[in-house]
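What follows is the residue order along each chain.
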Amino acid sequence: MNKKTYSIPIGPVHPSLKEPMTFNFEIYGERIEKVNLAPGDNHRGIEFMGRQRNPIQIIYLAERICGICSAAHPFAFCQAVENAAGIEVPERAQYIRVIIAELERIHSHILWAGVAAHELGFDSVLYLSWRAREEVLDLLEYLTGNRINYGIFMIGGVRRDISEEQLPRIRETLEYYKDIYGKIEDIFLNDPTIAFRTKNVGVLTKEDALHLCAVGPTTRASGIKKDVRQDQPYSAYADLNVEAITPDVFSGEVNGDVYDRIIVRLLELVQSIQIIEQCLDNMPSGEIIAEKKLVKLLNQLKKAKGEGVGRVEAPRGECIHYVKLNESELPEVWKARAPTYNNLMTWVPMLIDQQIADIPIVIASIDPCIACMDRVTILNKNNGQKSMLTKKDLHELSVQKTRRITP
Amino acid sequence: MKLNKYFERSLWVFHLNTGSCNGCDIEIVAGLTPRYDLERFGIKLVGSPKHADVLLVTGPVTSKMLDRVKRVYEQTPDPKAVIVVGACGTSGGVFYNSYNISGSVDKVIPVDVYVPGCPPRPEAIINGVLQAWIKLENLRESMKTAQAK
């Protein structure tokens, strides 16, 4: 049978995408037959710039990999450098780091809930949820001095302490979220229209999620209990009870659809509030940074040699930073892998056989962060043409590199 | 110039992301949502540059977006104003020495208002939009007088 498909390009500048990214859909009737992704519009060459700056300067660059994950990236980067240089972080600093990271998760998940509602056409929910989000931004500003890009992380600790007087203000905000959580849950999980638009839409099966190495709420919604905070607790998470949340806690079943992703993110809101409360209750006293004098710290890093890895559960999933220090001011290698990079390919099984009108919500359902993800493209500088590397080419490159670095 | 006298039209804004880190983008949306509520003045985000009076550009211009920025600018009808939000669109910011970034937005398209900050607060963005509004009203006024002649 001759099936004639037509193609719809979406992006890089498109109202349903807040960030530049190009999609190409092959459509048969209303059904999506094929999906092609073409990232690279947001590539800023951050790792390249990082290799020309010293580790303390990189923290601020890492923060600006993504404005929404501006705690997760510096968190992972600092961990990687500490790991490489063998710096021990004071316990109090670890707790403060966790508090900031969890506050970020609250803001990010509410932001996502608003965006998802907007994609479904519920603009009033977008406005209400973003109004609720302002409270946590106020708290973050109160604690760190900025609404976004907090600038609180430092190698070996944090730059600002949480004082005794600040605790009631934190608890006040947490109470506010506990109060309104019932409303948020009611709007998203009991509304028949939202259920109608999201149930059995954009299904990611457990096999696909495992096969594509999906991370974060995307994979947990498919029934895989994967969470760095649980599997390999870093920082203060080792003292806290964190368990990966799967949608069967709430609904008793796992479908891996958009509805399940909503469930996971909403339940994680409650989890984050509990984690912060535990942190506030058990906060140890003491120093907040291993080395206060930056010049001394830089000198220490200059002499350090070794490799380090930092793993952090960002709001979107696992974020890995790799750093190699080689007795010089500048790091030899800095590699950042953001969660959206893993989740990107899950769009393909999710979108196949869906309708065109479901594209925005399915795309939004993994909470994509293109700014995080766009890190590597192969660009031919002479003619500006992008070249695709096949497996054979990659193998060839790999062999060449082995020969190059072997003395 | 008094704004009230020329308060005749709603201002429609098109948001163009040219490789920004999301920080400014979420602050723009925060400016539109209830706490700051730009929409009470009739200012709203539209889906196409062809409907827009003002271009709100965030981010340094990456080489892949270079051509797109120019095209979006050309698609916006006259009279128009361009606002650059954020340090990296204004000067390159932290991304000043990248190989894939053309620096600042004003190297690519003419810019009327700069809103510095990384990211700027929603109040600053609202102030920037107001400046662009005043500029647009001036432009409209001069176009009207030119037509009358």
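Keep in mind the model is a prediction, meaning the values are calculated, not measured. (Residues numbered from 1 in each chain as written. Chains lettered and ligands numbered in written order. Predicted model: local features only at pLDDT ≥ 70, side-chain atom pairs only at ≥ 80, totals over all residues. Heavy atoms only, no water.)

Visitor: Is there a simple way to think about the overall build of chain A in this case?
Guide: In terms of regular secondary structure, chain A is built from 18 helices and eight strands. The buried share among the 407 residues of chain A stands at 56%. On chain A, roughly 17200 Å² of surface is accessible, and the fraction owed to carbon and sulfur atoms is 51%. (Helix = DSSP H or I, 4+ residues; strand = E, 2+ residues; numbered from the N terminus. Buried < 20%, exposed > 50% of the residue type's maximum accessible area, 1.4 Å probe, protein only. Areas by Shrake-Rupley, 256 points an atom, 1.4 Å probe, with all protein chains shown as cover.)

Visitor: Explain the interface of chain A and chain B here, please?
Guide: Interfaces are often described in size by the accessible area the parts lose on coming together. Counting residues at the interface gives 44 residues for chain A, matched by 39 residues for chain B. Overall, the association of chain A and chain B removes approximately 3500 Å² of surface from exposure, summing both partners, and the carbon and sulfur fraction of that is 59%. Residues E141(A) and R121(B) are paired through a salt bridge, measuring 2.6 Å at the closest nitrogen-oxygen approach. Linking chain A with chain B are 13 residue pairs in polar contact (both at pLDDT 80 or more). Contributions of two or more residues to the side of chain A that touches chain B are made by α1 (46–50), α4 (91–120) and α5 (123–144) of chain A. Among the elements that take part in the side of chain A that touches chain B, α5(A) stands out by supplying eight residues, more than any other. (Contact = heavy atoms within 4.5 Å. Buried area = accessible area lost by both parts, 1.4 Å probe. Salt bridge = Lys/Arg side-chain N within 4 Å of Asp/Glu carboxyl O. Polar contact = N/O pair within 3.5 Å; in protein donor to acceptor, adjacent residues only side chain to side chain.)

Visitor: Could you clarify how one ought to interpret α4(A) in this entry?
Guide: At 3.6 residues per turn, the α-helix brings residues three or four places apart onto the same side. For α4(A), which comprises 30 residues, the first-to-last C-alpha distance of 44 Å matches the rise-based estimate of 44 Å (1.5 Å per residue) to within 8%. Counting buried positions along α4(A) yields 27 of 30 residues, so the element is predominantly enclosed. (Expected span 1.5 Å × (residues − 1).)

Visitor: What should I look at first to understand the sheet that holds strand β6 (residues 305–314) of chain A in this one?
Guide: Sheets are built from strands that pair by backbone hydrogen bonding, the pairs being arranged parallel or antiparallel. All names here are of chain A. With antiparallel pairing, three strands are arranged side by side in an open sheet as β6-β7-β8. Pairing within the sheet leaves two strands with one partner each, and these edge strands are β6 and β8 (333–337). When the angles between neighbouring strand axes are averaged without regard to direction, this sheet yields 10°. Sheet topology note: the β6/strand β7 (residues 317–326) ladder contains ten bridges and is antiparallel. Bridge pairing links V309 to Y322 in β7. (Pairing = 2+ DSSP bridges. Axes fitted to C-alpha atoms, helices over the stretch in contact; angles between N-to-C directions.)

Visitor: Mind showing me how you'd approach the sheet that holds strand β3 (residues 31–38) of chain A here?
Guide: Residues and elements named next belong to chain A. Strand order in the open sheet made by the three strands is β1-β2-β3, with antiparallel pairing throughout. In the strand order of this sheet, the two ends are held by β1 (6–10) and β3, each with one partner. Neighbour to neighbour, the strand axes of the sheet diverge by 20° on average, direction disregarded.

Visitor: Explain the packing of aromatic side chains to me, please; I cannot follow it from the model alone.
Guide: Aromatic rings considered in pairs are described by the distance between their centres and by the relative angle of their planes. Residue and element names in this part refer to chain A. Summed over all chains, the structure comprises eight aromatic pairs over all chains. Linked through ring pairs, F75, F153, Y234 and Y237 together constitute an aromatic cluster. Over the ring of Y259 we find K199, and its NZ or CZ is 4.6 Å from the ring centre. Positioned over the ring face of W112 is R265, at 4.3 Å from the centre of the ring. (Phe/Tyr/Trp six-rings, centres within 6.5 Å; stacked < 30°, edge-to-face > 60°. Lys NZ or Arg CZ within 6 Å of the ring centre and 35° of its normal.)

Visitor: Help me out: how do you make sense of the state of the cysteines in this one?
Guide: The bond known as a disulfide is covalent and runs between the sulfur atoms of two cysteines. Scanning the model with the defined rule gives zero disulfides over all chains in all. Of all cysteine sulfurs, the one in C66(A) lies closest to C69(A), which takes part in no disulfide; the gap is 3.5 Å. (Disulfide = S-S within 2.5 Å.)

Visitor: I tried to follow the pairing of β8(A) on my own but got confused; where do I start?
Guide: Side-chain direction in a regular strand flips from residue to residue, so the side chains alternate between the two faces of the sheet. Residue and element names in this part refer to chain A. Two elements, β7 and β8, share five bridges in a ladder whose sense is antiparallel. Bridged to I320 within β8 is R337. In textbook terms, the turn of a hairpin is the stretch between consecutive antiparallel strands, and for β7 and β8 this stretch comprises six residues, one of which, E327, has a positive phi near 50°.

Visitor: What's the story with the packing of α4(A) against helix α12 (residues 258–281) of chain A in this structure? I'm lost.
Guide: Packed helix pairs are specified by the crossing angle of their axes together with the interaxial distance, meaning the distance between the axes. All names here are of chain A. Viewed as axis vectors pointing N to C, α4 and α12 meet at an angle of 155°, and their least axial separation amounts to 9 Å. Taken together, the axes of α4 and α12 lie roughly antiparallel to each other. Crossing of α4 against α12: the hand is left-handed. Taking contact as the criterion, the partners of Y95, V98, I99, E102, L103, R105, I106, H109, I110 and W112 in α4 are, on α12, I262, R265, E268, L269, S272, I273, I275, I276, C279 and L280. In terms of residue class, the contact of α4 with α12 is made up of 14 nonpolar, two polar and four charged. (Parallel < 35°, antiparallel > 145°, perpendicular 65-115°, else oblique. Left-handed = near helix turned anticlockwise from the far one by under 90°. Nonpolar A, V, L, I, M, F, W, Y, C, P; charged D, E, K, R; others polar.)

Visitor: How should I be thinking about the confidence of the model for chain A in this particular structure?
Guide: Low-confidence regions, as indicated by low pLDDT, have predicted coordinates that should not be scrutinised in detail. Mean pLDDT over chain A works out to 85, with 90% of the residues at or above the 70 mark. Predicted confidence for residues 376–384 of chain A stays below pLDDT 50, and this span has 16 contacts to residues more than four positions away or in other chains. (pLDDT = per-residue confidence, 0-100.)

Visitor: How should the nonpolar core be read in this particular structure?
Guide: Note on soluble globular proteins: their nonpolar side chains tend to be buried together. Core analysis: the biggest nonpolar cluster contains 128 residues, and F188(A), W334(A) and W347(A) have the highest contact counts within it. For this core, the element with the highest residue contribution is α4(A), accounting for 16 residues. F188(A) has contacts with A113(A), A117(A), V125(A), I194(A), Y259(A), I262(A) and L266(A), leaving out every residue within four places of it along the chain. L11(B), L32(B), V85(B) and W133(B) belong to the second-largest nonpolar core, a separate cluster that totals 19 residues. (Core = buried A, V, L, I, M, F, W, Y, C linked by side-chain atoms within 4.5 Å.)

Visitor: Would you mind showing me how to read the UniProt feature "domain: NADH:ubiquinone oxidoreductase-like 20kDa subunit" (unreviewed entry) in chain B here?
Guide: According to UniProt, the "domain: NADH:ubiquinone oxidoreductase-like 20kDa subunit" (unreviewed entry) feature falls on residues 21–131 of chain B. The span residues 21–131 of chain B is 32% helical and 14% strand by assignment, and the distance between its end C-alpha atoms comes to 24 Å. (UniProt positions renumbered as here; feature names shortened; annotations may be inferred.)

Visitor: I would appreciate a short explanation of the UniProt feature "binding site: Fe cation" (unreviewed entry) in chain A in the present structure.
Guide: Those residues carrying the UniProt feature "binding site: Fe cation" (unreviewed entry) are C69(A) and C372(A) in this numbering. As for its placement among the helices and strands, C69(A) is situated in the loop between α2 (55–63) and α3 (72–85).

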